[in-house]
Amino acid sequence: MNWGKAIVLVFILFAGFIGTMVFRMSRQRIDLVRDDYYQDEIAYQQHIDRVARTAHLKQGPVLQIDHVRQQLALRLPSGWTQGQLTFYRPADRTQDRTLTLSPGQQTVSTADLGSGRWRAQFSWSANGQTFYHEQSFTKP
């Protein structure tokens, strides 16, 4: 084999490698965190206020994951009237779950959640004010 054929062969192999990589990358699914990220960014100051109010509570919420029973135990501040718990999956937004909680509810099942990293985002209202708490966990 002479130098000319070797150079052409290397060029063809390199072009094939680049073409394969471009094809694989174009088929990769990339999700935005939210479809309405612009409107969500405008309302972010309200979120900052909710987090600040939560930080000033004498006793904040505690979310404990029990992997054996596959449930999330909630210990919440007294006086809350309504709440919403969102299981947010950073890797795949199609697996996100949102639940509306009643004041007497203390446990939530995590059996239907896939294994991997999750964020439990809890927002609630009490005494005419809204609050927010977030906690990350990994489900085996």
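Here's a quick rundown of the structure. Everything numeric here is computed off the predicted structure, so don't read it as measured data.

## Side note on the packing of aromatic side chains
Piece 1. Taken as a whole and assessed by the stated rule, the structure comprises 3 aromatic pairs.
Piece 2. Arranged with centres 5.0 Å apart and planes meeting at 15 degrees, the rings of Phe-122 and Trp-124 form a pair that is stacked.
Piece 3. You can call Phe-122 buried: its relative accessible area is 0%.
Piece 4. Accessibility expressed as a relative area gives 4% for Trp-124, which makes it buried.
Piece 5. Geometrically, the ring pair formed by Trp-124 and Phe-131 is stacked, given 5.4 Å between the ring centres and 15 degrees between the ring planes.
Piece 6. Here Phe-131 falls in the buried class, since its relative accessible area comes to 6%.

## Side note on a nonpolar patch on the surface
Piece 1. On the surface, Phe-14, Phe-17, Ile-18 and Val-22 cluster together to form a nonpolar patch covering roughly 400 Å² of accessible area.
Piece 2. Tracing the backbone through its elements, the reader meets Ile-18 in helix α1 (residues 3-26).

## Topic: α1
Residues three or four positions apart in an α-helix share a direction because the helix packs 3.6 residues into each turn.
Piece 1. Between its terminal C-alpha atoms α1 stretches 35 Å, which fits the 34 Å expected from 24 residues at 1.5 Å a residue.
Piece 2. Counting buried residues along α1, only 0 of its 24 residues qualify, which leaves the element largely exposed.
Piece 3. Its side-chain oxygen placed 3.3 Å from the backbone nitrogen of Gly-4, Asn-2 serves as the N-cap of α1.

## Some points on the pattern of salt bridges
Piece 1. Evaluation of the coordinates by the stated rule reveals 3 salt bridges.
Piece 2. The salt bridge involving Asp-112 is made with Arg-97; its shortest N-O contact spans 3.7 Å. Of the two residues, Asp-112 is situated in the loop between β5 (107-109) and β6 (116-126) and Arg-97 in strand β4 (residues 97-101); the sequence distance between them amounts to 15 residues.
Piece 3. Classification of Arg-97 as partly exposed rests on a relative accessible area of 32%.

## Notes on unusual backbone geometry
Piece 1. If you check the backbone angles, Gln-70 has positive phi at about 55 degrees while not being a glycine.
Piece 2. Assignment of secondary structure puts Gln-70 in the loop between β1 (62-66) and β2 (71-75).
Piece 3. A positive phi angle, close to 55 degrees, is found at Asn-127, a residue other than glycine.
Piece 4. The topology assignment puts Asn-127 in the loop between β6 and β7 (129-139).
Piece 5. Overall, Asn-127 belongs to the exposed group, its relative accessible area being 75%.

## Describing the side chain of Gln-121
Piece 1. For Gln-121, the position within the fold is in strand β6.
Piece 2. Judged by relative accessible area, Gln-121 falls into the buried class, the value being 13%.
Piece 3. Every residue in contact with Gln-121, bar those within four places of it in the chain, is listed here: Gln-84, Leu-85, Thr-86, Tyr-88, Tyr-132, His-133 and Glu-134.

What counts, and where the lines are drawn
- Residues numbered from 1 in each chain as written.
- Predicted model: local features only at pLDDT ≥ 70, side-chain atom pairs only at ≥ 80, totals over all residues.
- Heavy atoms only, no water.
- Phe/Tyr/Trp six-rings, centres within 6.5 Å; stacked < 30°, edge-to-face > 60°.
- Buried < 20%, exposed > 50% of the residue type's maximum accessible area, 1.4 Å probe, protein only.
- Patch = residues over 30% accessible without salt bridge, like charges linked within 9 Å, V, L, I, M, F, W, Y side chains within 5 Å.
- Areas by Shrake-Rupley, 256 points an atom, 1.4 Å probe, with all protein chains shown as cover.
- Salt bridge = Lys/Arg side-chain N within 4 Å of Asp/Glu carboxyl O.
- Helix = DSSP H or I, 4+ residues; strand = E, 2+ residues; numbered from the N terminus.
- Expected span 1.5 Å × (residues − 1).
- Polar contact = N/O pair within 3.5 Å; in protein donor to acceptor, adjacent residues only side chain to side chain.
- Contact = heavy atoms within 4.5 Å.

Remember that the coordinates give geometry; whether it matters functionally is a separate question.
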